[in-house]
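Listed below are the residues making up each chain.
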Amino acid sequence: GAVVSQHPSRVICKSGTSVKIECRSLDFQATTMFWYRQFPKQSLMLMATSNEGSKATYEQGVEKDKFLINHASLTLSTLTVTSAHPEDSSFYICSATYRDYGYTFGSGTRLTVV
Amino acid sequence: GQSLEQPSEVTAVEGAIVQINCTYQTSGFYGLSWYQQHDGGAPTFLSYNALDGLEETGRFSSFLSRSDSYGYLLLQELQMKDSASYFCAANTGGFKTIFGAGTRLFVKA
């Protein structure tokens, strides 16, 4: 149980375009999901907390207009990188809380902006 | 500020035991968890300690000392497939979790 599916796993887009990443909880309801960004050989940096039915909570320094988060249902949260630029190239990972303490992570999306 | 410190790299041989330490400094603390991440993959949950002491799950064990703000992950009978990055993460309350920078474990034959 507690599987989180993330799609797509890889995406290459042109600079200036937008990319949508989906995160689904497959066998449980996730009222709260989290979006992380990870650069090579670095730790996971929390970007925002996605709350079902309400606005996301962004971490300091994360542009909410650039990284749009929508959590429209108990099983789906989406992250849209708008007007992507090469510096947005990174590994984006979503997660949902599992039980009271652990996180279940999606498989991640490697975004390359060319 | 809030931070978790762990070694950047550890190397060990197959069959050996390795300990990855983690010290934390956070404004709130509810527990320490450990995650494994292989290159290109997503982190997978290994263990969680809310109370002081040792938690054992197969070849992996995790320890926490709240008074020392310290924990460790112990990997026994190392296998090549254990080569990965290991992250400690502190639950600071309200679903907030702060991750350490990760420890890259290299297992040699």
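The structure presented is a predicted model; accordingly, all values stated were derived computationally and were not measured.

About the thresholds
Residues numbered from 1 in each chain as written. Chains lettered and ligands numbered in written order. Predicted model: local features only at pLDDT ≥ 70, side-chain atom pairs only at ≥ 80, totals over all residues. Heavy atoms only, no water. Disulfide = S-S within 2.5 Å. Helix = DSSP H or I, 4+ residues; strand = E, 2+ residues; numbered from the N terminus. Buried < 20%, exposed > 50% of the residue type's maximum accessible area, 1.4 Å probe, protein only. 1 Å grid on protein atoms, 1.4 Å probe; cavity = no way out; pocket = protein on both sides within 12 Å on 5 of 7 lines; lining within 4 Å. Points joined across faces, edges and corners; volume = space filled by probe spheres on them. Nonpolar A, V, L, I, M, F, W, Y, C, P; charged D, E, K, R; others polar. Core = buried A, V, L, I, M, F, W, Y, C linked by side-chain atoms within 4.5 Å. Contact = heavy atoms within 4.5 Å. pLDDT = per-residue confidence, 0-100. Pairing = 2+ DSSP bridges.

### Section: the state of the cysteines
Working step 1: Going through the model one piece at a time under the given rule, you end up with 2 disulfides over all chains.
Working step 2: Between the sulfur atoms of Cys23(A) and its disulfide partner Cys94(A) the distance amounts to 2.0 Å. Judged by the sign of its S-S torsion, about 85°, the cystine formed by Cys23(A) and Cys94(A) is right-handed. Separated by 71 residues along the polypeptide, Cys23(A) in strand 3 (residues 19-25) and Cys94(A) in strand 9 (residues 90-98) bring together distant segments of the chain.
Working step 3: Since its relative accessible area comes to 0%, Cys94(A) is described here as buried.
Working step 4: Between the sulfur atoms of Cys22(B) and its disulfide mate Cys88(B) the distance is 2.1 Å. Taking the sign of the S-S torsion, about 75° here, the bridge from Cys22(B) to Cys88(B) comes out right-handed. One end of the pair, Cys22(B), is in strand 3 (residues 18-25); the other, Cys88(B), is in strand 9 (residues 84-93), and 66 residues separate them in sequence. Accessibility assignment for this pair places Cys22(B) and Cys88(B) in one class, buried.
Working step 5: Of all cysteine sulfurs, the one in Cys94(A) lies closest to Cys13(A), which takes part in no disulfide; the gap is 18 Å.
Working step 6: We classify Cys13(A) as buried; its relative accessible area is 8%.

### Thoughts on the layout of surface pockets
To find the voids left in a structure, one rolls a probe of water-molecule size over its atoms.
Working step 1: The calculated volume of the largest pocket comes to roughly 520 Å³.
Working step 2: Along the walls of the largest pocket sit 24 residues, with Met45(A), Leu46(A), Met47(A), Glu59(A) and Gln60(A) positioned nearest its centre.
Working step 3: Looking at the lining of the largest pocket, the elements with two or more residues in it are strand 4 (32-38) and strand 5 (44-51) of chain A together with strand 10 (96-99) of chain B.
Working step 4: Roughly 350 Å³ of internal volume is contained in the second largest pocket.
Working step 5: Taken together, 20 residues form the lining of the second largest pocket, with Pro40(A), Lys41(A), Gln42(A), Asp39(B) and Arg104(B) sitting closest to its centre.
Working step 6: Of all the secondary structure elements, the ones that give two or more residues to the lining of the second largest pocket are strand 9 and strand 11 (103-108) of chain B.
Working step 7: For the lining of the second largest pocket, the class distribution of residues is 5 nonpolar, 10 polar and 5 charged.

### Some words on the nonpolar core
Working step 1: Ranked by size, the top nonpolar core spans 26 residues in total, and within it Trp35(A), Tyr58(A), Phe67(A), Ile69(A), Leu79(A), Tyr92(A) and Leu111(A) carry the most contacts.
Working step 2: Secondary structure elements with two or more residues in this core: strand 2 (10-13), strand 3, strand 4, strand 5, strand 7 (67-73), strand 8 (76-81), strand 9 and strand 11 (109-113) of chain A.
Working step 3: With residues up to four places along the chain from it excluded, the contact list for Leu111(A) reads Val11(A), Cys13(A), Val19(A), Val81(A), Asp88(A), Ser89(A), Ser90(A) and Tyr92(A).
Working step 4: Counting residues in each nonpolar core, the second largest holds 22 residues, with Leu4(B), Leu32(B), Trp34(B) and Tyr86(B) among its members.

### Looking at the confidence of the model for chain A
Working step 1: Residues of chain A with pLDDT of at least 70 account for 95%, and the chain-wide mean is 90.
Working step 2: Predicted confidence in chain A is weakest over strand 10 (residues 102-105) of chain A, with a mean pLDDT of 78, and strongest over strand 2 of chain A, with 96.

### Observations regarding the confidence of the model for chain B
Working step 1: Of the residues in chain B, 98% reach a pLDDT of 70 or more, and the chain-wide mean stands at 93.
Working step 2: Confidence scores differ between elements of chain B, with strand 10 of chain B showing the lowest mean pLDDT of 84 and strand 8 (residues 70-75) of chain B the highest of 98.

### Comments concerning the environment of Pro7(B)
All names here are of chain B.
Working step 1: Take Pro7: it is sitting in the loop between strand 1 (3-5) and strand 2 (9-13).
Working step 2: It is 7.5 Å that separates the C-alpha atoms of Pro7 and Gly102, two residues lying 95 residues apart in sequence.
Working step 3: Those residues in contact with Pro7, other than ones at most four positions away along the chain, are Ile20, Asn21, Gly102 and Thr103.

### Observations regarding the pairing of strand 2 of chain B
Residue and element names in this part refer to chain B.
Working step 1: The side-chain alternation of strand 2 yields one buried face, formed by Val10 and Ala12, and one unburied face, formed by Glu9, Thr11 and Val13.
Working step 2: Looking at chain direction, strand 2 and strand 11 are connected through 5 bridges and run parallel. Within strand 11, the position partnered with Val10 by the bridge is Leu105.

### What to know about the pairing of strand 1 (residues 4-7) of chain A
All names here are of chain A.
Working step 1: The two faces of strand 1 differ: Val4 and Gln6 on one face are buried, but Ser5 and His7 on the other face are not.
Working step 2: Relative to strand 3, strand 1 runs antiparallel, the two sharing 4 bridges. Paired with His7 across the strands is Glu22, a residue of strand 3.

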